[in-house]
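Next come the chains, spelled out residue by residue.
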Amino acid sequence: MNRRRTYALVLSLLLLVIGGAGQAQAVGYRYWSFWDLTGGKWNYATQGPSTARPSDGDVQGFRFAVSADSQDASKPRGHADFASICAKTPARAGHKRVALVIDSGTTADAPGGETPPAPRTVCARVPADATTAEALATVAKPLRYDTNALLCAISGYPGKGCGDQVATSHTAPSATAKANADAKDNATSEPARHGPSLGLLAGIAAVAALGGAAVWQTRRRRP
């Protein structure tokens, strides 16, 4: 193997490492997550709003954001309790009251060209057997669903898209940016910027070591 071929091999391997690292991007989804307030804490709902049947006095929330899964999902912001949200909605026989928190998220998570409405709370009084989706429909129209019954928009937001896939390493904000955005309604955060990953650095080191060995072998074989 001559020196030119050795350098060509090293360069090819380095490009493969860099290319592979560029493809290893985290993937998230932009969607409305659904939450239950229990003991003063938000918990990711175990049912969808179309099947959940809350009881009188329950507090439920919706949050629009970019997240990879339920562990990463952003919770509804602000103080929430049934007594304050439904204080002006009297009880009625045969009906129940459900306090809803609707948080459209921040501009950092908004689709391009759209501005999220301010978070709000509302009390829905519905028949005793109503689902959460039916309660939401009484106070937050228009709702939009896809063909798989996935909730796509509340009160018309967002205007398009539904559970769109997002490359979080470029489009979605970093964990720090999301925390800062949550601290201030409708805050704007810059996309995350990261240096080389440990995997990329290790790959470059391995290629460099291989290249050095190949060059040494070439020199060793020279007469």
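Keep in mind it's a predicted model, so treat the numbers as computed, not measured. Each chain carries its own residue numbering, running from 1 in the written order of its sequence. Selection of residues for local features in this predicted model requires a pLDDT of at least 70, selection of side-chain atom pairs for listing and counting requires 80 or more, and totals for whole chains, interfaces and linings are taken over all residues. As a rule here, side-chain values come from all non-hydrogen atoms in the structure, and water together with hydrogens is ignored.

K.L.:
Where do I start with the state of the cysteines in this structure?
P.N.:
Chemically, a disulfide is nothing more than a covalent bond linking the sulfur atoms of two cysteines. By disulfide we mean two sulfur atoms from cysteines, separated by a distance within 2.5 Å. Throughout the structure, instances matching the rule amount to 2 disulfides. Two residues, Cys86 and Cys123, share a disulfide whose sulfurs are 2.1 Å apart. Given an S-S torsion of about 100 degrees, the disulfide between Cys86 and Cys123 has right-handed geometry. Residue Cys86 is located in the loop between helix H2 (82-85) and strand E4 (95-103), and its partner Cys123 is located in strand E5 (residues 120-127); the two are separated by 37 residues in the primary sequence. Between buried and exposed lies partly exposed: a residue is buried under 20% and exposed over 50% of the maximum accessible area for its type, with that area taken using a 1.4 Å probe on protein chains only. Classification of Cys123 as buried rests on a relative accessible area of 13%. At a sulfur-sulfur separation of 2.0 Å, the disulfide partner of Cys152 is Cys162. For the disulfide bridge between Cys152 and Cys162, the dihedral angle about the S-S bond is near -75 degrees, and by the sign convention the bridge is left-handed. Taken together, the positions of Cys152 in strand E7 (residues 151-153) and Cys162 in the loop between E7 and strand E8 (164-167) put the pair 10 residues apart, joining distant regions of the chain. Owing to a relative accessible area of 22%, Cys162 belongs among the partly exposed residues under this scheme. In the chain, the cysteines engaged in disulfides, taken in order along the sequence, are linked 1-2, 3-4. Runs of H or I in DSSP of at least four residues are treated as helices and runs of E of at least two as strands, each being numbered from the N terminus.

K.L.:
What should I look at first to understand the side chain of Lys96 in this one?
P.N.:
Here Lys96 shows up in strand E4. Two residue types count as positive, namely Lys and Arg, and two as negative, namely Asp and Glu; His and chain ends fall outside the count. Any carboxyl oxygen of Asp or Glu within 4 Å of a side-chain nitrogen of Lys or Arg constitutes a salt bridge here. The buried charged residue Lys96 lacks any salt bridge partner; its closest oppositely charged side chain belongs to Asp129, at an N-O distance of 6.6 Å. Within 3.5 Å is the distance limit for a polar contact, defined as a pair of N or O atoms, with the added protein rule that one can donate a hydrogen and the other accept it, and that residues adjacent in sequence qualify only through two side-chain atoms. Separated by 3.1 Å, the side chain of Lys96 and the backbone oxygen of Ala128 make a polar contact. Engagement of the side chain of Lys96 in a polar contact is seen with the backbone oxygen of Ala130, the distance being 2.7 Å.

K.L.:
Quick question: what am I supposed to make of the packing of aromatic side chains here?
P.N.:
Aromatic ring pairs: the centre-centre distance and the angle between the two ring planes describe each pair. Note on aromatic contacts: the rings of Phe and Tyr and the six-membered ring of Trp form a pair at centre separations within 6.5 Å, being stacked when their planes are under 30 degrees apart, edge-to-face when over 60 apart, and tilted otherwise. In total, this model carries 4 aromatic pairs according to the counting rule given. Between Trp35 and Tyr44, the ring centres sit 5.2 Å apart and the planes meet at 75 degrees, which makes this aromatic pair edge-to-face. With a relative accessible area of 3%, Trp35 lands in the buried category. Between Phe64 and Tyr157 the ring centres are 5.3 Å apart and the planes differ by 75 degrees, which places this aromatic pair in the edge-to-face class. Of this pair, Phe64 sits in strand E3 (residues 59-67) while Tyr157 sits in the loop between E7 and E8; the two residues are 93 residues apart in sequence, bridging distant segments of the chain. An aromatic cluster is defined as three or more aromatic residues linked by ring pairs; in this entry it consists of Trp32, Phe64 and Tyr157.

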